[in-house]
2 protein chains.
Amino acid sequence: MTVTIKDVAKVANVNPSTVSRVIADSPRISEYTKRKVRQVMEELGYHPNLNARSLVSNNASAIGIIMPSSVEKAFQNPFFANVLGGISNLSHEKHYSLYMSTGATQQEIYSEVVKMVEGRRVDGIILLYSRANDPITNYLVEKNFPFVVIGKPYNEEGKSAYVDNDNFGAAKEITEHFIKNGHRLIGFIGGSPELIVTMERLNGYKKALENANIPVVNEYIVHTEFHKEGGKGAIAKLMSLKQPPTALIVTDDLIGFGVLGTLQEMGIKVPEDICIFSFNNIMLTELTNPPLSSVDINIDQLGYNATDSLIKLISNTENVPKKQIIPHQLIVRESSNGKVINNKLKINN
Amino acid sequence: MTVTIKDVAKVANVNPSTVSRVIADSPRISEYTKRKVRQVMEELGYHPNLNARSLVSNNASAIGIIMPSSVEKAFQNPFFANVLGGISNLSHEKHYSLYMSTGATQQEIYSEVVKMVEGRRVDGIILLYSRANDPITNYLVEKNFPFVVIGKPYNEEGKSAYVDNDNFGAAKEITEHFIKNGHRLIGFIGGSPELIVTMERLNGYKKALENANIPVVNEYIVHTEFHKEGGKGAIAKLMSLKQPPTALIVTDDLIGFGVLGTLQEMGIKVPEDICIFSFNNIMLTELTNPPLSSVDINIDQLGYNATDSLIKLISNTENVPKKQIIPHQLIVRESSNGKVINNKLKINN
DNA sequence: TTGTAAGCGTTATCAA
DNA sequence: TTGATAACGCTTACAA
């Protein structure tokens, strides 16, 4: 039924090992033999059994992608799809397959990783999250198994290579952008404060305020989730302060959408009454009304570079930088298009 | 270095085959031996080599996921991430791993599929698209390899199992919903007319109009892409007709967002001036202003059921229905919240 | 209930 | 430049 290397060998009148060498395009095989063998392979419709190959060569030509444990949420956020796109691009080019984790809980995912690694199903792993004191990270480090983290690992001085943005810098730039436009009442709406990325952006925001001698007001800092429900109350509270902010930094476009919706419901106009700037620049930011200013963090580049590093790590050929920072760009759209002049918010013509 | 079945056998003082049987939890091994062997496995940190296992047992415990060739676009649309979520859920439960295609062109993906299949890397395949005269589908059918299509295959009478929605019915229901609310000027904005799903929804829309003796107006039918740019002109043209529609059916939430944005730019209010109903009910539909009415097509259920069918197909144990229709629900939100009375559009209190 | 041994389809080492 | 053969780690008849 199945055509094996032996069948090809028999028909081509050579030894199986010769066929194997032809497949590997070994330079020590004559062009004549190569042509002959290849023709037979074609005729018989031969395709290598990858499991047999992996068994003996001890490599799988596959990369394991580990999703965060809150899969439900993860699959909602275009971020993951985008980063997958970047990973996909390079791994295809480099002839690596993609193996995805499917577990829902940390525990499940942990066993999956062990199974992938010990079962020799993958040659390396990309972690699509970074969590404090993560058993998976620890396991990988201890095993000395090639892996790359997207986002900053909790233990920065740790052994793991990672690819990230300058989140501190980006948030600082946005804040400075607002300050330059005269804003002094600037709020910060972030996702879970347990995420490192949230904290870094918060710190960048604070730093910019400090530099400009603007006091950091605790009431101006809000943490909420992607979903509308959670955020609504917090935004309402924020906007009903005696001095509501004239500008808002939001750490994720999805949260940004929620904020936009809530504000419109409250009859607060963007950017006439308040300016907004968020992060990620997913496609949908162009489609909102008004279009949402957002930091383009080059999501697929994160995936692409992580893959690049991982493959280098696997082949152990080049030195891989422990840390890679992907550049970002502020994409200014209508939602942040206002200046504060004499304590009044004015729209740029 | 690596702990194999032989090492375990040696330490446990049994034959390798016994260890193998313990792993398979064979009923013909004494509880005593099982306990003993398991303890040794634990002690030595044994994990089976999946490649060796796949080689001999000729199955991979893995499912191949094939993305549409226009990956870029695919990764933009939350639909794919959601369906992946559904697939992920069940395959994890059933102990199948996920293998993803990475190719960008049809040609590339075709070779990937062949490699997966002939290379014995996967036991079955889920196609996340359906295209007319698709070489991959043909290959799979000819090979008699287990696979399931999400969406309706072009060749309906073909041999392939598929999981789909009743797109005709859903579009018809929306149209009837509008008609019931007094609308008679109803437009249709669809994605690429080459997609079967677009055509089915278009037909449902037409059927409902017919049933209500409302003429189908060609100017009311527009095809556009996800991105805003393309659609803008078409929408503008549509709305500047002598008799612009009072209601719009849009075949995808992403297009819906674009339409919403364009209309707001044009100063046309939703639902005061026009009602909108779209498809997919992705999370973001709740976050727009106004919230977008949308048909919940149970995306993850599509993935879940496809996986279910595929696994049954693989194990060849149960009869698998060639066709599975996942139920849908109209989720009515503010964007469609208007009635036409005496030729005037009125908002429901 | 357990052991023996063959074989899955490759690659790689050693000879020739 | 090619052939013979062992080995990769596991499963599964067949024996015992």
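Values in this document were obtained by computation on a predicted structure and should not be read as measured data.

A. Summary view of the sheet that holds strand β10 (residues 293-296) of chain B. Residue and element names in this part refer to chain B. Ordered in space as β7-β6-β8-β9-β10-β12, the six strands form an open sheet in which the pairing is mixed. The sheet is open, and its two borders are formed by β7 (221-223) and β12 (329-331), each paired with just one other strand. Neighbouring strand axes in the sheet, compared pairwise and without regard to direction, differ in orientation by 20° on average. Bridge count between β10 and β12: three bridges; the pairing is antiparallel. Considered in β12, the bridge of V295 is made with L330. Relative to the sheet, helix α10 (residues 196-211) contacts β6 (186-190), β7, β8 (247-250) and β9 (275-279), its axis offset from that of β6 by approximately 170°. The sheet strands contacting helix α12 (residues 253-265) are β6, β8, β9 and β10, and the helix crosses β9 at an angle near 155°.

B. Here's a closer look at the relation of the copies chain B and chain A. For the pair chain B and chain A, the best superposition has an RMSD of 0.1 Å and corresponds to a rotation of 180° with a translation of 0.0 Å parallel to the axis. Between the two chains, the operation in question is that of a two-fold axis. Counting the interface residues of chain B, we find that 100% of their copies in chain A are interface residues as well, pointing to one common contact surface.

C. Region of the structure containing the environment of F257 of chain B. Mapped onto the elements of the fold, F257 of chain B is located in helix α12. With relative accessibility at 5%, the residue F257 of chain B sits in the buried group. As a C-alpha pair, F257 of chain B and Y46 of chain B span 211 residues in sequence and 53 Å in three-dimensional space. Once you skip the residues sitting within four places of it in the chain, F257 of chain B turns out to touch L284 and L287 of chain A together with I282, L284, T285, T288 and L292 of chain B.

D. Examining the protein's contact with DNA strand C more closely. Near DNA strand C there are 25 residues, and of these S20 of chain A together with N15, T18, R21 and T33 of chain B occur at the shortest range. A share of 60% is what sugar and phosphate atoms reach among the atoms of DNA strand C within 4 Å of the protein. The contact in question runs from a base oxygen of DNA strand C to an N or O atom on the side chain of R28 of chain B, over 3.4 Å. The backbone of S30 of chain B places a nitrogen or oxygen atom 2.8 Å from a phosphate oxygen of DNA strand C.

E. View of unusual backbone geometry. Residues and elements named next belong to chain A. A cis amide bond links V270 to the next residue, P271, at an omega of 5°. Tracing the sequence through the fold places P271 in the loop between α12 (253-265) and β9 (275-279). At S61, a position not held by glycine, the phi torsion is positive, near 50°. Its location among the elements puts S61 in the loop between α4 (50-57) and β1 (62-66).

F. Spatial organisation of the packing of aromatic side chains. Throughout the structure, instances matching the rule amount to nine aromatic pairs over all chains. Relative to Y139 of chain B, the ring of Y110 of chain B has its centre 5.9 Å away and its plane inclined at 70°; by these criteria the two rings are edge-to-face. A residue pair is termed long-range when its members are at least 10 positions apart, and Y110 of chain B in helix α7 (residues 106-118) and Y139 of chain B in helix α8 (residues 135-143) qualify at 29 residues. Considering the side-chain rings of F178 of chain B and F277 of chain B, the 6.2 Å spacing of their centres and the 80° angle between planes classify their relative orientation as edge-to-face. Of the two residues, F178 of chain B sits in helix α9 (residues 167-180) while F277 of chain B sits in strand β9, which places them 99 residues apart along the sequence. Take F178 of chain B: its relative accessible area is 0%, and that puts it in the buried class. With relative accessibility at 0%, the residue F277 of chain B sits in the buried group. Residue placement shows R201 of chain A over the ring face of F279 of chain A; its charged tip is 3.9 Å from the ring centre.

G. Here's a closer look at the side chain of T251 of chain A. All names here are of chain A. Residue position: T251 is located in the loop between β8 (247-250) and α12. Exposure remark for T251: the relative accessible area of 5% places this residue in the buried category. Beyond its immediate sequence surroundings of up to four residues, T251 is in contact with F188, I189, G190, G191, R201 and F279.

H. Structural detail: the protein's contact with DNA strand D. Around DNA strand D, 24 residues are found, and the nearest of them are T18, R21 and T33 of chain A together with I5 and Y46 of chain B. Sugar and phosphate atoms form 63% of the subset of DNA strand D atoms that lie within 4 Å of the protein. Backbone polar atom of S30 of chain A to a phosphate oxygen of DNA strand D: 2.9 Å apart, as the coordinates give it. Between DNA strand D and the protein, one listed contact pairs a base nitrogen with a side-chain N or O atom of R21 of chain B at 3.5 Å. Elements that contribute at least two residues to the surface near DNA strand D include exactly α2 (16-23) and α4 of chain A together with α2 (16-23) and α4 (50-57) of chain B. Here the element with the most residues in the surface near DNA strand D is α4 of chain B; it accounts for four residues. Taken together, the residues of the surface near DNA strand D sort by class into 10 nonpolar, 10 polar and four charged.

I. Here's a closer look at the pairing of β1 of chain A. Residues and elements named next belong to chain A. In terms of burial, β1 is largely enclosed, as five of its five residues are buried. The two faces of β1 match: A62, G64 and I66 on one face and I63 and I65 on the other face are all buried. The pairing of β1 with strand β2 (residues 97-100) spans four bridges and is classified as parallel. Counted as the bridge partner of G64 is Y99 from β2. By the bridge criterion, four bridges tie β1 to strand β3 (residues 124-127) in an arrangement that is parallel. Across the sheet, I65 pairs through a bridge with I126, a residue of β3.

Basis of the calculations
- Residues numbered from 1 in each chain as written.
- Chains lettered and ligands numbered in written order.
- Predicted model: local features only at pLDDT ≥ 70, side-chain atom pairs only at ≥ 80, totals over all residues.
- Heavy atoms only, no water.
- Pairing = 2+ DSSP bridges.
- Helix = DSSP H or I, 4+ residues; strand = E, 2+ residues; numbered from the N terminus.
- Axes fitted to C-alpha atoms, helices over the stretch in contact; angles between N-to-C directions.
- Contact = heavy atoms within 4.5 Å.
- Least-squares fit on C-alpha atoms with pLDDT ≥ 70 in both.
- Buried < 20%, exposed > 50% of the residue type's maximum accessible area, 1.4 Å probe, protein only.
- Near = heavy atom within 4 Å.
- Polar contact = N/O pair within 3.5 Å; in protein donor to acceptor, adjacent residues only side chain to side chain.
- Phe/Tyr/Trp six-rings, centres within 6.5 Å; stacked < 30°, edge-to-face > 60°.
- Lys NZ or Arg CZ within 6 Å of the ring centre and 35° of its normal.
- Nonpolar A, V, L, I, M, F, W, Y, C, P; charged D, E, K, R; others polar.

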